[in-house]
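Structure at a glance
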Amino acid sequence: MTPEARALKDALTRVYRPWLLHLFETRGWEFGPSVEEAVDDGEQWLADQLDHLFTQAFDKQRRGPLELFQEAMRFPTTALIDLGVDGVERDPMAIQAVPGDVFDLAPASSAMLGDTVWQAHLAWGAAKANALRQA
């Protein structure tokens, strides 16, 4: 794993739980035991998927790290559905981009996750572009 990939993995996994805690707080949702377990599962899934992604050669990577972060929202989404929480109104573009994100948990960009994630994502993207250009 490249240093850029390691930094991005660390940044994304570090922000997963705080991102969700913030969303739950601002929306007045309870972060109870079932949600806590779902977040634990999502965080582990994200770490495993990023490990898998970043061990592949750049030209073999068919998904991006932000896409994996967005997909990891399915764990708390399922917990919220099971608790009977109503979905939120979403922008048509958001629905098209992340169809199953009925609670609008997935960030639209890594910049939304903070400067550390944004900078790590840019550095990883530049390293990937450079490697592909040289190939």
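In this text the structure is predicted, and so the values were computed from the model without any measurement.

What counts, and where the lines are drawn
- Residues numbered from 1 in each chain as written.
- Predicted model: local features only at pLDDT ≥ 70, side-chain atom pairs only at ≥ 80, totals over all residues.
- Heavy atoms only, no water.
- Axes fitted to C-alpha atoms, helices over the stretch in contact; angles between N-to-C directions.
- Helix = DSSP H or I, 4+ residues; strand = E, 2+ residues; numbered from the N terminus.
- Parallel < 35°, antiparallel > 145°, perpendicular 65-115°, else oblique.
- Left-handed = near helix turned anticlockwise from the far one by under 90°.
- Contact = heavy atoms within 4.5 Å.
- Nonpolar A, V, L, I, M, F, W, Y, C, P; charged D, E, K, R; others polar.
- Phe/Tyr/Trp six-rings, centres within 6.5 Å; stacked < 30°, edge-to-face > 60°.
- Core = buried A, V, L, I, M, F, W, Y, C linked by side-chain atoms within 4.5 Å.
- Buried < 20%, exposed > 50% of the residue type's maximum accessible area, 1.4 Å probe, protein only.

Let's talk about the packing of helix α2 (residues 33-55) against helix α4 (residues 74-82)
Where α2 contacts α4, the two axes come as close as 7 Å, and the packing angle between them is 160°. With respect to their mutual orientation, α2 and α4 come out roughly antiparallel. Seen along the crossing, α2 lies across α4 with a hand that is right-handed. Residues Ser34, Val35, Ala38, Val39, Asp41, Gly42 and Trp45 of α2 form the contact with α4, whose participating residues are Arg74, Phe75, Pro76 and Ala79. Grouping the constituent residues of the contact of α2 with α4 by class yields seven nonpolar, two polar and two charged.

What about the packing of aromatic side chains?
Evaluated as defined, the whole model comprises seven aromatic pairs. Through pairs of rings, three or more aromatic residues link up here, namely Phe24, Trp29, Phe31 and Phe103.

Quick notes on the nonpolar core
Within the largest apolar cluster, 36 residues are counted, with the highest numbers of intra-cluster contacts made by Tyr16, Leu20, Leu46, Phe69, Met73, Leu105 and Leu113. Put simply, the parts of the chain that give this core at least two residues each are α1 (3-27), α2, α3 (65-71), α4 and α6 (115-134). When residues no more than four places from it in sequence are discounted, the contact partners of Leu105 are Trp19, Leu20, Leu23, Arg27, Trp29, Met73, Pro76, Thr77 and Leu80.

Concerning the environment of Trp45
One can find Trp45 in helix α2. Spatially, the C-alpha atom of Trp45 lies 7.0 Å from that of Ala72, the residues being 27 residues apart in sequence.

What about unusual backbone geometry?
The backbone phi angle of Asp104 is positive, close to 55°, even though this residue is not glycine. Mapped onto the secondary structure, Asp104 falls in the loop between α5 (92-97) and α6. Taking relative accessible area as the criterion, Asp104 reaches 29% and is therefore assigned partly exposed.

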